Amino acid sequence: VGGIVGYNAGTVQGCVFDGSIDHSAETTAGGDRFLYDHSQIGGLVGENRGTVKTSYATVAITATHPSRHGMGTTFIRLGGGIGSNRAIAENCYATGTLEAHSASDLYLGGFVGESYTQSASIANCYARVSVVGHSAGGIGGFAGYLDAPVQNCYATGEVNATKHTSVGGFVGYNQTGATVSKCY
C-alpha cells in the first residue's frame, strides 16, 4: 500500500502525497476477520524495487494486524516514505505520524520500514515523523530495519515503543552488512 504507488519497479520522481492511510484488519460479512498477511505500507511507495527520488510525503498512517490464532505470522513494514525498500531512494523526505499494532513482526521507521538487501541504498533523505510501535521488532526515527547503506540522512521526531523491541532514534535494528554514514 502506497500513497503514490503500491509496488514500484520503475521510477517515482517529483511526486507528493499529503494524506492519511488506515491499513487495518477487516471484518467480513460473516464476522470473520480478514487479515493482510504481509504488508508493506509507505507514504510514497509500499514496496520499492525501482527508484524513488525527489519526492515527499506528509502522512498520518495507522496499521493494525491482530493475532491470527495460530494461523502463521504476519508482518508490517511501515515507513513514512517507503514501507520496504529493495532498491534506490534519494533526495526524499517524510513528515507526519505513524502508529502500528501487530501481533507478530513489525519494522517501523519514520522514512523506511525496512531497507533490505545490500544492493539497496538510501541517500540524502530525512524524516520528521512521530513514530509509535506496539509490537516486537525494529522501530526507529528513520528506519526500523537496515541491511543496506544509508548516507547523508537525518531523523527528528519522537520514537515510542510499548513492547520489548529494538528501538533507536535513527535505526531500530541495524543488520551486520548495513552501513550508516553521515547521518543524525
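In this text, all values refer to a predicted model and were calculated from it rather than measured experimentally.

Q: In this structure, what is going on with the overall build of the protein? I would like to understand it.
A: For the protein, the helix and strand inventory stands at 0 helices and 25 strands. For the protein, with 184 residues in total, the buried portion stands at 49%. Counting contacts in the protein only where the partners sit at least 6 residues apart, residues at least 24 apart contribute 78% of the total. Only carbon and sulfur atoms are counted for the fraction: they give 48% of the accessible area of the protein, which is about 7,800 Å².

Q: Which parts of the structure should I look at to understand the state of the cysteines?
A: Here a disulfide denotes a covalent bond joining the sulfur atom of one cysteine to the sulfur atom of another. One pass over the structure, following the stated rule, counts 0 disulfides. A disulfide-free cysteine, C92 has its sulfur positioned 4.7 Å from the sulfur of C125, the nearest such atom. The exposure class assigned to C92 is buried, which follows from its relative accessible area of 1%. Judged by its relative accessible area of 1%, C125 is buried.

Q: What is the right way to read the packing of aromatic side chains from this model?
A: With the rule as written, the count across this model stands at 9 aromatic pairs. Aromatic ring contacts, followed pair by pair, group Y56, Y93, Y126, Y154 and Y184 into a single cluster.

Q: Even after reading the chapter, I still don't get unusual backbone geometry, so can you show me in this structure?
A: Most peptide bonds are trans, and most residues other than glycine sit at a negative phi. Within the chain, T54 stands out as a residue other than glycine whose phi angle is a positive 40°. Of note, K182 is a non-glycine position whose phi angle comes to about 55°, a positive value. For K182, the position within the fold is in the segment after strand 25 (180-181). Here K182 falls in the exposed class, since its relative accessible area comes to 70%.

Q: Explanation requested: the sheet that holds strand 19 (residues 143-146) in the structure shown.
A: By definition, the strands of a sheet pair up through backbone hydrogen bonds, in either a parallel or an antiparallel sense. Spatially, 1-7-11-15-19-24 is the arrangement adopted by the 6 strands of the open sheet, whose pairing is parallel. Among the strands making up the open sheet, the edge pair consists of strand 1 (5-8) and strand 24 (171-174). Taking the axes of each pair of neighbouring strands and ignoring which way they run, one obtains an average angle of 5° across the sheet. Strand direction decides the pairing type here: strand 1 and strand 7 (residues 45-48), joined by 3 bridges, are parallel. From the neighbouring strand, V5 faces strand 7, where its bridge partner is V45.

Q: Explanation requested: the nonpolar core in the structure shown.
A: Among the nonpolar cores identified, the biggest contains 38 residues, and L78, L98, L108, F111, I122 and F142 are the most heavily contacted of them. Listed by contribution, the elements that provide at least two residues to this core are strand 3 (16-24), strand 9 (56-65), strand 10 (75-79), strand 13 (93-102), strand 14 (105-109), strand 17 (126-133) and strand 19. If you tally residues by element for this core, the top one is strand 9, at 4 residues. Not counting residues within four places of it along the chain, the set of residues in contact with L98 comprises V59, I61, L78, G79, G80, L108, G109, G110, V129, S130, V131 and V132.

Rules and cut-offs
- Residues numbered from 1 in each chain as written.
- Predicted model: local features only at pLDDT ≥ 70, side-chain atom pairs only at ≥ 80, totals over all residues.
- Heavy atoms only, no water.
- Helix = DSSP H or I, 4+ residues; strand = E, 2+ residues; numbered from the N terminus.
- Buried < 20%, exposed > 50% of the residue type's maximum accessible area, 1.4 Å probe, protein only.
- Contact = heavy atoms within 4.5 Å.
- Areas by Shrake-Rupley, 256 points an atom, 1.4 Å probe, with all protein chains shown as cover.
- Disulfide = S-S within 2.5 Å.
- Phe/Tyr/Trp six-rings, centres within 6.5 Å; stacked < 30°, edge-to-face > 60°.
- Pairing = 2+ DSSP bridges.
- Axes fitted to C-alpha atoms, helices over the stretch in contact; angles between N-to-C directions.
- Core = buried A, V, L, I, M, F, W, Y, C linked by side-chain atoms within 4.5 Å.

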